[in-house]
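An overview of the molecular structure
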Amino acid sequence: MIGLISATAAGATARDRLAAAWPDRTRVYEGPVGDAVRAAFAECEQLVCFLATGAVVRLIAPLLGDKRTDPGVVCVDEGGRFAVSLVGGHDGGANELALEVGELLSAQPVVTTATDAVGVPGLDTLGFPVEGDVAGVSRALLDGEPVALEAELAWPLPPLKVSDHGAHVVRVTDRAVEPAEREVVLRPPSLVVGVGASRGAPVDEVLGLVEGAVRDAGLSLASLAELATVDAKSDEPGIVEAARRLGVPLVTHSAEELAAVQVPNPSEAPLAAVGTPSVAEAAALVGGGELLVPKRKSERADGRPAMATCAVVRRLARGRLAVVGLGPGARDLLTPRAKAELRRAAVLVGLDQYVDQIRDLLRPGTLVLESGLGAEEERARTAVAEARKGRAVALIGSGDAGVYAMASPALAEASDDIDVVGVPGVTAALAAAAILGAPLGHDHVSISLSDLHTPWEIIERRVRAAAEADIVVTFYNPRSRGRDWQLPKALAILAEHREPATPVGVVRNASRPDESSRLTTLAALDPAMVDMMTVVTVGNTATRDIAGRMVTPRGYRWQAPQEVVK
């Protein structure tokens, strides 16, 4: 919950805007400001104070305890110009909250945390439990000192400026090791514990079994990702409560799914009880991985039969491939999600000219693998291969990555051994349409006129089908020096079904500094003015030129005033 505190009418106005936008996330604190801050500090995970930073500092100073548990505090000035992350930037989430508040109130977020200021990801913000000398290793990263990465487990980390050797170390492990001097240990969520239990099994018995199995194997409970069991045990109180106390989700699987998993220690008892010869081992292994602790039973002090079983599996990390659309070129048409993925990626793969567009957004330490035109399939293979190494990879393309871009070759190369995320982008057709007016107001189709990979006979058949169906057509790759006859041929096909005065929009380098556009007609269009950087949009029989704008009505009939019948 986010506590909102204000002292003046101006602050209350901005406060109420946040409360209205986030009704389920916020709570307004009224009354004397000091009392309100103290109450919110004790009851909320975060605070937004519409007060001067000095006043807030004095109010919260006696309340501060531990940065790992104190709420994050953001200050917004009376004029609503700045959203300042005051305390709890990382652990309290104040940095991210300042960005959110700034976006909602049109205020400038102010984040002074050292790692954020220089674009280096904070070691305590990676989403993993972290132990050791976080401050010292972070300072070494900031100062450019050599920091060694010792990854016992391959895991898709964000970019870090690390090397093979260094006085400071970042260790990635799920083993129960104590951090050495000048060392940070990251605990990836690599362990899955499968659990089986008799009806009424006490939570302490289940919990003791799980903790003992992990500890005896020399593993860290901080790397526990989930407890897993059979569907029939989804509401078993002992298992449910054990997961809650461990702070991990309880994941359940059907008996049929578990019965299909090969296990070393099947048993007749669970088969008779829930329909699968294994619960603990099968539930842990259902997603694959290495069985570290075979099925073991709980031990009871009174000597009665065990009521719980468990097994521990190390689930290998899955690499992550984000296929990112950069839009048509303008920075303000690059989506926030695309920016986030670019900053998350440890490896970036892309066409050299596209890499140049966004190089300044990459975090220090990002490995950039760029190549020239004509190497699309090679880039796709490279991106997938890097993801299979357990890395976080971004493969970039212009416009939308799924439209005449890199998503198709990448997904054709990838299998189900990596996670793939698609990030949509503004396509050239949409960017050009916005410049022209509203040419895509009804059914429309995009057709590439490049016959480098598609036989012209197929392209011509598609153009003819669009012409006969009276669909607005956007031509990609319309003309190059070596392909100068395809566009005239396509226009001639359309002219068989459309009037010479049909509007045609020509946009070159949409959204870029040298953008140009022209509205002409099917008869007047000169193909020589078109190149590979151009998008050509041909209207249908209903498309009109209205005040210099290309408009296709939403209905099949052009809406015109009708006479009133008396």
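Residues numbered from 1 in each chain as written. Predicted model: local features only at pLDDT ≥ 70, side-chain atom pairs only at ≥ 80, totals over all residues. Heavy atoms only, no water.

This part is about the overall build of the chain. Secondary structure assignment for the chain yields 18 helices and 28 strands. For the C-alpha atoms alone, the extent of the chain along its principal axes is close to 95 × 70 × 65 Å. Counting only residues that meet the buried cut, the chain has 46% of its 566 residues in that class. Residue pairs at least 24 apart in sequence account for 64% of intrachain contacts in the chain once pairs closer than 6 positions are excluded. Accessible surface for the chain amounts to roughly 27,200 Å². Of this, 51% is attributable to carbon and sulfur atoms. (Helix = DSSP H or I, 4+ residues; strand = E, 2+ residues; numbered from the N terminus. Buried < 20%, exposed > 50% of the residue type's maximum accessible area, 1.4 Å probe, protein only. Contact = heavy atoms within 4.5 Å. Areas by Shrake-Rupley, 256 points an atom, 1.4 Å probe, with all protein chains shown as cover.)

Another aspect to go through is the packing of helix 17 (residues 456-468) against helix 18 (residues 486-495). Between helix 17 and helix 18, the shortest axis-to-axis distance is 9 Å and the interhelical angle comes to 30°. Relative to helix 18, helix 17 is oriented so that their crossing is right-handed. Contacts between helix 17 and helix 18 pair Trp 456, Glu 460, Val 463, Arg 464 and Ala 467 from the former with Gln 486, Lys 489, Ala 490, Ile 493 and Leu 494 from the latter. Here the residues of the contact of helix 17 with helix 18 sort into 6 nonpolar, 1 polar and 3 charged. (Axes fitted to C-alpha atoms, helices over the stretch in contact; angles between N-to-C directions. Left-handed = near helix turned anticlockwise from the far one by under 90°. Nonpolar A, V, L, I, M, F, W, Y, C, P; charged D, E, K, R; others polar.)

Of the residues in the chain, 96% have a pLDDT of 70 or more, and the chain-wide mean is 89. Every residue in residues 561-566 is under pLDDT 50, and counting partners more than four places away or in other chains gives 0 contacts. (pLDDT = per-residue confidence, 0-100.)

With that out of the way, let us pick up the pattern of salt bridges. Applying the stated criterion across every chain yields a total of 32 salt bridges. With a shortest N-O distance of 2.8 Å, Glu 152 and Arg 175 are connected by a salt bridge. Within this pair, whereas Glu 152 is found in the loop between strand 8 (147-151) and strand 9 (168-172), its partner Arg 175 is found in the loop between strand 9 and strand 10 (183-186), the two being separated by 23 residues in sequence. A residue is classified by how much of its surface remains accessible, and Arg 175, at 35% relative accessible area, is partly exposed. (Salt bridge = Lys/Arg side-chain N within 4 Å of Asp/Glu carboxyl O.)

Once that is clear, we can look at the sheet that holds strand 7 (residues 130-132). With mixed pairing, 4 strands are arranged side by side in an open sheet as 7-10-9-8. Each edge of the open sheet carries a strand with a single partner, namely strand 7 and strand 8. Direction aside, neighbouring strands of the sheet carry axes that sit 20° apart on average. In this structure, strand 7 lies alongside strand 10, joined through 3 bridges in antiparallel fashion. When the sheet's bridge partners are listed, Val 130 is paired in strand 10 with Leu 186. Relative to the sheet, helix 6 (residues 134-143) contacts strand 7, strand 8, strand 9 and strand 10, its axis offset from that of strand 9 by approximately 115°. (Pairing = 2+ DSSP bridges.)

All right, on to the side chain of Ser 298 then. Positionally, Ser 298 belongs in the loop between strand 14 (290-297) and strand 15 (308-314). Discounting residues that sit within four places of it in the chain, Ser 298 has contacts with Glu 205, Leu 209, Ala 306, Met 307 and Ala 308.

As for its placement among the helices and strands, Lys 295 is situated in strand 14. C-alpha of Lys 295 to C-alpha of Arg 379: the two residues are 84 residues apart in sequence and 44 Å apart in space. With residues up to four places along the chain from it excluded, the contact list for Lys 295 reads Asn 265, Ser 267, Glu 281, Thr 309, Cys 310 and Ala 311.

As a further point, take unusual backbone geometry. The backbone phi angle of Asn 509 is positive, close to 50°, even though this residue is not glycine. Of note, Asn 509 is situated in the loop between strand 24 (503-508) and strand 25 (516-521). For Asn 509, a relative accessible area of 7% translates into the label buried. With a phi angle near 55°, Ala 547 is a residue other than glycine that sits in the positive phi range. In this structure, Ala 547 sits in the loop between strand 27 (544-546) and strand 28 (549-551).

Following the sequence through the fold, Glu 386 ends up in helix 14 (residues 376-388). By relative accessible area, Glu 386 is classed as buried at 9%. Within the structure, Glu 386 has its side chain in polar contact with the side chain of Arg 391 (distance 2.5 Å). (Polar contact = N/O pair within 3.5 Å; in protein donor to acceptor, adjacent residues only side chain to side chain.)

Here the distance between the centres and the angle between the planes together describe a pair of aromatic rings. What the rule picks out here adds up to 2 aromatic pairs. Centre to centre, the rings of Tyr 404 and Tyr 476 are 4.7 Å apart; their planes meet at 50°, and the pair counts as tilted. A residue pair is termed long-range when its members are at least 10 positions apart, and Tyr 404 in the loop between strand 19 (392-397) and helix 15 (407-413) and Tyr 476 in strand 23 (residues 472-476) qualify at 72 residues. Ring centres 5.0 Å apart and planes at 70° place the aromatic pair Trp 456 and Trp 485 in the edge-to-face group. Of this pair, Trp 456 sits in helix 17 while Trp 485 is found in the loop between strand 23 and helix 18, placing the two residues 29 residues apart along the sequence. (Phe/Tyr/Trp six-rings, centres within 6.5 Å; stacked < 30°, edge-to-face > 60°.)

Val 193, Val 195, Val 206, Leu 224, Leu 227, Ala 242 and Val 312 are the most contacted members of the largest nonpolar core, which totals 24 residues. Listed by contribution, the elements that provide at least two residues to this core are strand 11 (191-197), helix 7 (203-216), strand 12 (224-230), helix 8 (237-246) and strand 15. At 7 residues, helix 7 tops the list of elements feeding residues into this core. Those residues within four positions of Ala 242 in sequence are excluded, and the remaining contacts are Val 203, Val 206, Leu 207 and Leu 227. Of all hydrophobic cores here, the second largest spans 21 residues; its members include Val 463, Leu 494, Leu 525 and Val 530. (Core = buried A, V, L, I, M, F, W, Y, C linked by side-chain atoms within 4.5 Å.)

All right, on to helix 6 then. For helix 6, the set of buried residues is Val 134, Gly 136, Val 137, Ser 138, Ala 140 and Leu 141. If you follow the buried residues of helix 6, they end up packed against strand 7, strand 8, strand 9 and strand 10. Following helix 6 by one or two positions, Gly 144 has its phi on the positive side, about 75°.

Now for the sheet that holds strand 22 (residues 444-448). Spatial ordering of the open sheet is given by 22-23-26-24-25, a layout of 5 strands whose pairing is mixed. A single partner strand is all that each edge strand has here, and the edge strands are strand 22 and strand 25. When the angles between neighbouring strand axes are averaged without regard to direction, this sheet yields 20°. The sheet contact formed by strand 23 and strand 26 (residues 534-538) spans 3 bridges and is antiparallel. Each bridged residue has a counterpart across the sheet, and for Thr 474 the counterpart in strand 26 is Thr 537. Where helix 16 (residues 428-436) meets the sheet, it contacts strand 22, strand 23, strand 24, strand 25 and strand 26, and its direction lies at approximately 115° from that of strand 24. Sheet strands touched by helix 18: strand 23 and strand 26. Its angle to strand 23, the strand with the most contacts, is close to 175°.

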